[in-house]
Amino acid sequence: MNWLSGMLIGLQEIREHKFRSFLTMLGVILGVASLLAMFALTAGIAASWRNTMEQLGGLERIGINDKQVSLEFADLAALSPGRTLADAEALRAIPHLVSHVAPEMQAGATLSATDGATVSARITGTWPDNFTVSQHAMAAGRFLTDLDLQRGARVVVLGDAKVAELWPDEYGTDADFLGRTITINGRPFAVAGVLTRYEREQDRLRREAEARGDKAPARFAMGGRGPGGGRRDMFSWKNESVIVPLSTLYHEFRSGQADTPPMAMAKLDYLNFRVRDLTRFDETLGEVEKLLRGTRRGVDDYDFDTREDWFERMETSLRSTQLSGALIAGISLLVGGIGIANIMLASISQRVRELGVRLAVGARRRDVFLQILAESTAIGIIGGLLGLGAGVLLLDLLGRLAPLESPPVIEPSAVLISVGFASAVGVLSGLYPAWRASRLDPIAALRYE
Amino acid sequence: MTSSPDVPAVALHDVRKIYGTGPDPVAALDGVSLRIDPGEFVAITGTSGSGKSTLMHLVGCLDTPTSGRVTVAGEDVSTAGSDRLARLRNRSIGFVFQAFNLLPRLDVQRNIELPLVYAGVPASERRRRAAQAAAQVNLTDRLTHRPSQLSGGQCQRVAVARALVNDPALILADEPTGNLDSANGADVLRLLATLHAAGRTIVLVTHDPAVAARAARVVELSDGRVRKDAAT
């Protein structure tokens, strides 16, 4: 008599009493279903956050911000030139730590397409590295090049939303926008590239489904979405990009104004860079700090804007969500376990005679113990597997009834943990009934009516 | 099946079994000595309360005596723990009960195999030996039936096959005809007689003198003592 044959006896017992076994398993089924659903929902939220983070530049992206100089050094503050191209050039000196550098200058401007509309926009002058630092992707054409920068070329890269505004009639058709000329504050620029439409994964899937003519599942109204527009979300700043070479922006739109400093001394609106190796994150920050101390002449007027805090906050809130979900699932599994124990005890008292016969023909106490334990374990495992199915159904139902901001993700580890817990519940809830059964007196058991 | 003749199949020496403690204990067996040799066919009779059930439990290794010595197939049962008792029941005793005591959800084949499962015999060997035992009780064509599909007489034959299957030192039949009509009862007794003729040791517990008369030797108990022990 071993574990396996005990399990087989248990399975037969379950087969003989399908309905009763199902009721016994119900608690475990619901427990596992809620556990799985909880895991899948939080994993979905985490995945979509991570996806969003990546599209926004990921952990590698670090911004250098201005900081108020503390009072005791206030008289020194004027020594520092502030955030300038000198900083950006300095960062380029440590390519083994900083892989990309993207200084940005911005200006408000009016855009006008000769064959389209006139709109106002913020235009950004930057370096080609911005492509990587901001995690851009091209829908068509190219991004800025070093040559554009050297020449101060009048080329522009447009975000998806801006294309929609400039050419509302042609947007969404097969029209080719590359090479068209738009004017920015009256000066002609050639469209060199069009950026891809940035959106969350699930929005993209839904939009594609709608485009194919599938009927999208009923959802609560989420606000109107015009062509290329959409609600303001964390991607809108990327979608509304109007990007020109930094040198072009400076020469065309900044210089010539009164008191304009030379380009190298002109203040940047943003300065972001990308860490080459995340495992050397702190080392990189240290090196950058050293460089900045030089360019800022020792004045502590800068600050790093990293996404670490953001990630930590995200992890913390995920963990607390998981904890409360796990608590509910845990209670449900506990109730399920009590249910199994209860039914096993009842089933033992129904089977006293059978156990008596088994003892009479040579079953040892531990064989009987094992048999009952194997049966409750089998109930736990089967309940766990059914619970997985129920969990998937539950997630599907949730997706139909309420809009899920992030589609749930069922990870293999969640499946293993859920079924593992169910099995453990099966084992634990069988211990006491199995012990009771193994203490049966064979003589009394054989006489039992 | 049987060991050498000088090792008794069952031996009891001054066995006492006292139930209950305190001021008013009941002696179910009060100094019983008995020896059953391999190959014997012994009936144990007595009225209800005579102690024959208690005697059967001791011989069947389901219980241990309060004092005295019980040996089954040469092994001392008196002080054995529950695991050793279980092993003795498994290897040395084949039970046939009044109520058949087959497992209703197992087919005939699996019922007969049951002692072999606990003896750790591999499945293919179990099947072979179960088929052999079924052949001895003439049930080869019923192996896939469930007990509920069989008559009482057939059920008792399955029980006999189950008792035989692990080749025990003795077959212990407790009122095997009690739940059967006279024709089926006679059938089972004939079967036991055949097994005895083939060299099996059989102990038959019954209150019915007519049934007891089928045995070669009758031990009569009364008030926990052996009152008569004689060949028929």
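Residues numbered from 1 in each chain as written. Chains lettered and ligands numbered in written order. Predicted model: local features only at pLDDT ≥ 70, side-chain atom pairs only at ≥ 80, totals over all residues.

Engineer: Help me understand the overall build of chain B, please; the structure alone is not making it clear to me.
Structural biologist: Of regular secondary structure, chain B possesses seven helices and 10 strands. Computed over its C-alpha atoms, the radius of gyration of chain B comes to 17 Å, within 12% of the 17 Å expected for a compact globule of 232 residues. Reported as C-alpha extents along the three principal axes, the dimensions of chain B are approximately 55 × 35 × 35 Å. Taking all 232 residues of chain B together, the buried fraction comes to 48%. (Helix = DSSP H or I, 4+ residues; strand = E, 2+ residues; numbered from the N terminus. Rg over C-alpha atoms; globule rule 2.2 N^0.38 Å. Buried ≥ 20, exposed ≤ 12 C-beta atoms within 10 Å, placed from the backbone.)

Engineer: Sorry if this is basic, but what is going on with the overall build of chain A here?
Structural biologist: In terms of helices and strands, chain A carries 15 helices and 10 strands. Expected size for 449 residues packed as a compact globule is a radius of gyration near 22 Å; at 33 Å, chain A overshoots this value by more than 25%. Counting every position in chain A, which comprises 449 residues, the buried fraction comes to 40%. In chain A, of all internal contacts separated by at least 6 residues, the share reaching a separation of at least 24 is 86%. (Contact = placed C-beta atoms within 7 Å.)

Engineer: Would you mind showing me how to read the interface of chain A and chain B here?
Structural biologist: Listed as interface residues are 17 residues of chain A and, on the opposing side, 19 residues of chain B. Secondary-structure elements contributing two or more residues to the side of chain A that touches chain B are α1 (3-16), α12 (352-360), α13 (365-401) and α15 (442-447) of chain A. Sort the elements by how many residues they give to the side of chain A that touches chain B and α12 of chain A lands first, with four residues. Across the side of chain A that touches chain B, the residue classes break down as nine nonpolar, three polar and five charged. (Nonpolar A, V, L, I, M, F, W, Y, C, P; charged D, E, K, R; others polar.)

Engineer: Explain the packing of helix α11 (residues 308-350) of chain A against helix α14 (residues 412-438) of chain A to me, please; I cannot follow it from the model alone.
Structural biologist: Geometry of a packed helix pair, given as the angle between the helix axes and the separation of the axes. Residue and element names in this part refer to chain A. The interhelical angle for the contact between α11 and α14, taken along N-to-C directions, is 30 degrees, at an axis separation of 9 Å. In the crossing of α11 with α14, the sense of the turn from one axis to the other is right-handed. Contacts between α11 and α14 involve Leu 333, Gly 336, Gly 337, Ile 338, Ile 340, Ala 341, Met 344, Leu 345 and Ile 348 on the former and, on the latter, Phe 421, Val 425, Gly 426, Leu 428, Ser 429, Gly 430, Tyr 432, Pro 433, Arg 436 and Ala 437. In the contact of α11 with α14, the residues fall into 13 nonpolar, five polar and one charged. (Axes fitted to C-alpha atoms, helices over the stretch in contact; angles between N-to-C directions. Left-handed = near helix turned anticlockwise from the far one by under 90°.)

Engineer: Just to check I follow, could you spell out the pairing of strand β6 (residues 181-184) of chain A for this structure?
Structural biologist: Side-chain positions along a regular strand alternate between the two faces of the sheet. The two faces of β6 of chain A differ: Ile 182 and Ile 184 of chain A on one face are buried, but Thr 181 and Thr 183 of chain A on the other face are not. In this antiparallel pair of consecutive strands, β6 of chain A and strand β7 (residues 187-195) of chain A, the connection spans two residues, and Asn 185 of chain A shows a positive phi of 50 degrees. (Pairing = 2+ DSSP bridges.)

Engineer: How do you make sense of the environment of Ser 376 of chain A when you look at a structure like this?
Structural biologist: Residue and element names in this part refer to chain A. Counting through the fold element by element, Ser 376 comes out in helix α13. Assessed through the 27 C-beta atoms surrounding it within 10 Å, Ser 376 is described here as buried. Through-space distance from the C-alpha of Ser 376 to that of Ser 423 is 8.8 Å; in sequence the pair is 47 residues apart. For Ser 376, the contacting residues outside a window of four places in its chain are Ile 340, Met 344, Gly 426, Ser 429, Gly 430 and Pro 433.

Engineer: Where do I start with the confidence of the model for chain B in this structure?
Structural biologist: Of all residues in chain B, 98% attain a pLDDT of 70 or more, and the chain-wide mean is 90. As scored by the predictor, the complex reaches a pTM of 0.71 and an ipTM of 0.93. (pLDDT = per-residue confidence, 0-100.)

Engineer: How do you make sense of α11 of chain A when you look at a structure like this?
Structural biologist: All names here are of chain A. Spanning 43 residues, α11 covers 61 Å between terminal C-alpha atoms, matching the ideal 63 Å at 1.5 Å per step. Taken together, the buried positions of α11 are occupied by Ala 329, Ser 332, Leu 333, Gly 336, Gly 337, Gly 339, Ile 340, Ala 341, Ile 343 and Met 344. Elements in contact with the buried residues of α11: α2 (18-55), α13 and α14. (Expected span 1.5 Å × (residues − 1).)

Engineer: Honestly, the environment of Gly 74 of chain B in this entry has me stumped. Any pointers?
Structural biologist: For Gly 74 of chain B, the location among the structural elements is in the loop between β4 (67-72) and β5 (75-76). As for Gly 74 of chain B and Pro 8 of chain B, which are separated by 66 residues in sequence, their C-alpha atoms are 6.7 Å apart.

Engineer: It is not clear to me how helix α4 (residues 123-136) of chain B should be interpreted in this structure. Could you clarify?
Structural biologist: All names here are of chain B. The end-to-end C-alpha distance of α4 is 20 Å, a good match for the 20 Å that 14 residues give at a rise of 1.5 Å each. The complete set of buried residues in α4 reads Arg 126, Ala 130, Ala 133 and Ala 134. Along the long axis of α4, the arc covered by the buried residues comes to 100 degrees, so they all point the same way. The exposed set on the far side of α4, more than 90 degrees from its buried face, consists of Ser 124, Glu 125, Arg 128 and Ala 135. The inward-facing, buried residues of α4 abut α3 (108-119) and α5 (152-164). (Arc of directions from axis to C-beta.)

Engineer: Can you help me understand the pairing of β7 of chain A in this one?
Structural biologist: All names here are of chain A. Sheet topology note: the strand β4 (residues 138-141)/β7 ladder contains three bridges and is antiparallel. From the neighbouring strand, Gly 141 faces β7, where its bridge partner is Gly 193. Where strand β5 (residues 155-158) lies against β7, four bridges are found, and the strand directions are parallel. Within the sheet, the bridge partner assigned to Val 155 lies in β7 and is Ala 190. As paired strands, β6 and β7 are joined by four bridges and run antiparallel to one another.

Engineer: Is there a simple way to explain the packing of α3 of chain B against α5 of chain B in this structure?
Structural biologist: Residues and elements named next belong to chain B. At a closest axis distance of 7 Å, the pairing of α3 and α5 adopts a crossing angle of 35 degrees. Of the two elements, α3 crosses α5, and the hand of that crossing is right-handed. Judged by residue contacts, Val 108, Asn 111, Ile 112, Leu 114 and Pro 115 of α3 engage Val 158, Ala 161 and Arg 162 from α5. Taken together, the residues of the contact of α3 with α5 break down into six nonpolar, one polar and one charged.

Engineer: Would you mind showing me how to read the sheet that holds strand β8 (residues 202-205) of chain B here?
Structural biologist: Each strand in a sheet pairs with another by means of backbone hydrogen bonds, the pair being arranged parallel or else antiparallel. All names here are of chain B. A sheet is described by the order of its strands in space; here six strands give the open sequence β6-β7-β8-β3-β9-β10, paired in mixed fashion. This sheet does not close on itself; its edge strands, each paired only once, are β6 (93-96) and β10 (225-231). For this sheet the average axis-to-axis angle between neighbouring strands, irrespective of direction, equals 20 degrees. Pairing geometry for strand β3 (residues 41-45) and β8, over four bridges, is parallel. Counterpart to Phe 41 in the pairing with β8 is Ile 202. The strands touched by α5 within the sheet are β6 and β7 (170-174), with β6 carrying the most contacts at an inclination of about 170 degrees.

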